[in-house]
Each structure stands twice: as C-alpha cells, then as structure tokens.
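If you want the building blocks of each chain, they are given just below.
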Amino acid sequence: MLETRLDTERIRAARRVIDPVFLGTPLYRCEALEPALGCTVSVKLETANPVRSFKARGTEVVAGLLADNGARAAVCASAGNLGQALAWSGRGRGLDVTVVASRFATVAKLDRIRALDARLELVDGDHELARERAAAIARYEGSRLVEDSLDIETCEGAATIGLELVDAGPSYDAVLIALGGGALATGVGHVLKALAPEVEVICVQPLGAPAMTHSWREQRVVTTESADTIADGVAGRRPIPAVLADLLQVADDAVLVQEASIIAGMRMLLDHAGLVVEPSAALGIAAILEDRDRFAGRHVVTIVCGSNVDVDAYHRWVGATPGPRS
C-alpha cells in the first residue's frame, strides 16, 4: 500500500464531480516527434479545455466541496494557471474568488483571470510572496485559502489524469511529468504506482528552479533564495513538506533541464505537433533531448500541462509567431 495522503477511491470519485469538459483529454502517439527524439512519444494533451491547463481538475473538486459546504469566498496564490482554474470553477458555483499573483506574471494569464470575474491582486515579488499575501487575505476576510499541492483536492483532481492513462492500457513504460509544487506529479504518480507500478514516473524541473528536485534527492526540504526560469508555472522556492513526503513515495526519478532545452522542446512541439505550449509544458520533451540514450527505444508519455503563454514572449523564445492556440 502506498503511504501517501492521496486515496485511489477518492480520485475515482473526483471524476464524478469534475466538469466533463476537463476530462478525457486527448492521448495520442505523435510520430512526427519521434525521429528527433529517438523514442516512441505519446502526448497527453491537458490544454484542450476552457482554461488551457490541467489545474481545473483540482479546482473543480475544491470548488464543489466549498459550494456544498456553503462557503462563499476563496483565495489563492497563483502564477496564473491555478488562478484561472479557480476563477472558472468558482464562477460556476457562485463563489467570490480572489487571486494573488506576482506583478511579473505572464500578462496573458493575468488578463484571463480578470476576464473570469475574479478579483486580482498583484504583489511586487515572486510566487512565494504571493502565497504569503493570499494567506493574509484568507485570515482577514475569512475566505477559504486554496493552496495548490498542499490541499489534497488539487492533487487528487490532477490524479484523474493518471486514471485516464491507466484506462488507456499502458503500452508505455515511462511518464514525464512537470514538477513544480507537486500536485501533478504526486497525483499522477500515486495512480501509476498503485495501478501500473511497472511504469517509471520521472519528474522534470528547470535547472533554474530546482528546489523540489533537490528536496527529492536529499529526502528533506531544500529551499532556494531565488528562481530563474522562463517556466513560471513551476518556479517555486519553498517545497511543502507534506507534498515532498508524497513525492518520495511515487517518483522514480527527478531530473533538471536547461532553459535552452525547454525552448527547444517548445519549438519541437510547435513544428512537429502543431502545439503552442508554455515552457512548463515542454519539460518532458526537454528531458528526452538532454538524455536521448536513457529513452532510446522506449515508449514515453509526456503530459502537456498548459498553453497559457504570452505571444510576444513566445515569439522571442522560439522565433515564430503562433497561430490559433491548440
């Protein structure tokens, strides 16, 4: 039995409360990627929904529970994707949602949060400062603080991706998962280790934001003074102890990749898969690029976790102007 905070039966139950628009995302083999990567590659496309990321699977569970319990308000800190997801889920259930974000967050993400009728507060600092401000708002206003990865609902919502991977009948032998706060990695990892333990769970993080990877390797919380990466969705500095404890149970490996590899991965997903993705979503491809020998001849699934990207920044990174988002 896995000794994590997650529960497989609760994860199955989560599928019944999540809006179906966020479920059953495409999973397909992308042969066009394979010659350059030297392995069989399947894509789990978590961008094909109204908020363009996997985060709404978790916020649907959170917001549903809050509404059922008569809660009227919720607040979260977000680099952008969680905020959009909570705003979407909260709006549908009559919740007043406040999102705290860094003033330096992706403009497109901030604009979308506003468009979803959430109150947006910006701080002059990074995501960790936003977390502190969100906690202060929750205390002062009496609203529910939604903490990504710490709140088990965010992990178990993300874990429904794992159920879909298992249901597809795993012919793959490794899954590459973007690692930030840990909800996606612990959620999907829990399901795979419980139901498909032969599949290798590999977490991927930028070299410029390595706190959770260092913590996994050292089996203790390791914080960093700063984070320097274009992958803003995974740029945390202070791992949550309970989340790390879960990750230690379900991850087979955690690797760090360079910024140049992330950009190369974004370009490959555009050129060979027609996908416009944010940097965090290209981490899996980056990991293959940096260690082709490890994956040679294998069948790998990469979870494309988000496509909320600033068009101007995308143009600077990959040297191409994106068309309609996938």
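What counts, and where the lines are drawn
- The written sequence of each chain sets the order in which its residues are numbered from 1.
- Only residues with pLDDT of at least 70 are given local features in this predicted model, and only at 80 or more are side-chain atom pairs given and counted; all residues enter the totals for whole chains, interfaces and linings.
- Note that the side-chain values use all heavy atoms of the structure and ignore hydrogens as well as water.
- Only runs of H or I of at least four residues qualify as helices and only runs of E of at least two qualify as strands under DSSP, and these elements are numbered from the N terminus.
- We compute the radius of gyration over the C-alpha atoms and compare it with the globule rule, which gives 2.2 Å times the number of residues raised to the power 0.38.
- Categorising residues by exposure relies on relative accessible area from a 1.4 Å probe, with only protein chains included: less than 20% of the type maximum marks a residue as buried, more than 50% marks it as exposed, and the intermediate range marks it as partly exposed.
- The Shrake-Rupley method, run with a 1.4 Å probe sphere, supplies the accessible areas, and residue values consider only the shown protein chains as cover.
- Any cysteine sulfur atom paired with another within 2.5 Å is treated as part of a disulfide.
- Any N or O atom pair separated by 3.5 Å or less is treated as a polar contact, with the protein-specific requirement of one donor-capable and one acceptor-capable atom, and with residues adjacent in sequence counted only for side-chain atom pairs.
- Pairs of residues are marked as contacts when any of their non-hydrogen atoms sit within 4.5 Å.
- At least two DSSP bridges between two strands are needed for those strands to be called paired.
- The angle between two axes is taken between their N-to-C directions and runs from 0 to 180 degrees, where each axis is a line fitted to C-alpha atoms and a helix contributes only its stretch in contact.
- It is the directions from the helix axis to the C-beta atoms whose arc is reported.

(A) Structural detail: the overall build of the chain. What the chain contains, in helices and strands, is 14 helices and 10 strands. Here the C-alpha atoms of the chain give a radius of gyration of 18 Å, agreeing with the 20 Å that 2.2 N^0.38 yields for 326 residues. Counting the 326 residues in the chain, one finds 59% classified as buried. Accessible surface, the chain as shown: approximately 12500 Å² in total, 49% of it carbon and sulfur.

(B) The arrangement of the state of the cysteines in detail. Following the criterion strictly, the structure yields 0 disulfides and no others. With no disulfide of its own, C155 lies closest to C203 among cysteine sulfurs, the gap being 12 Å. Between C305, a free cysteine, and C203, which holds the nearest cysteine sulfur, the sulfur-to-sulfur gap is 12 Å.

(C) Spotlight on the side chain of S89. Inspection of the secondary structure puts S89 in helix α4 (residues 81-91). For S89, a relative accessible area of 0% gives the class buried. A distance of 2.7 Å separates the side chain of S89 from the side chain of E60, its partner in a polar contact. Setting aside chain neighbours within four positions, we find S89 in contact with A56, T59, E60 and A63.

(D) Representation of the sheet that holds strand β8 (residues 200-206) in the model. With mixed pairing, the 6 strands of this open sheet are ordered in space as β1-β2-β10-β7-β8-β9. Because the sheet does not close on itself, it has two edges, and the strands there are β1 (27-29) and β9 (253-257). Neighbour to neighbour, the strand axes of the sheet diverge by 25 degrees on average, direction disregarded. Bridge analysis of strand β7 (residues 174-178) against strand β10 (residues 299-304) gives 3 bridges, and the strand direction is parallel. Within β10, the residue paired with A174 across the bridge is V300. Sheet contacts for helix α7 (residues 152-167): β1, β2 (40-45), β7 and β10; angle to β2, the most-contacted strand, approximately 135 degrees.

(E) Layout of helix α10 (residues 241-250). Three or more residues of α10 are buried, namely V243, L244, D246, L247 and V250. Around the axis of α10, the buried residues are gathered within 160 degrees of arc, so they sit on the same side. As for α10, its buried residues are in contact with α8 (183-195), β8 and α9 (211-218).

(F) Spatial organisation of the sheet that holds strand β5 (residues 119-123). Within the open sheet, the 4 strands sit side by side as β5-β4-β3-β6. Their pairing is parallel. Each of the sheet's edge strands pairs with one partner strand only, and the pair in question is β5 and β6 (144-146). Direction aside, neighbouring strands of the sheet carry axes that sit 20 degrees apart on average. As paired strands, strand β3 (residues 73-77) and strand β4 (residues 96-102) are joined by 5 bridges and run parallel to one another. The residue bridging A73 from the neighbouring strand is D96, located in β4.

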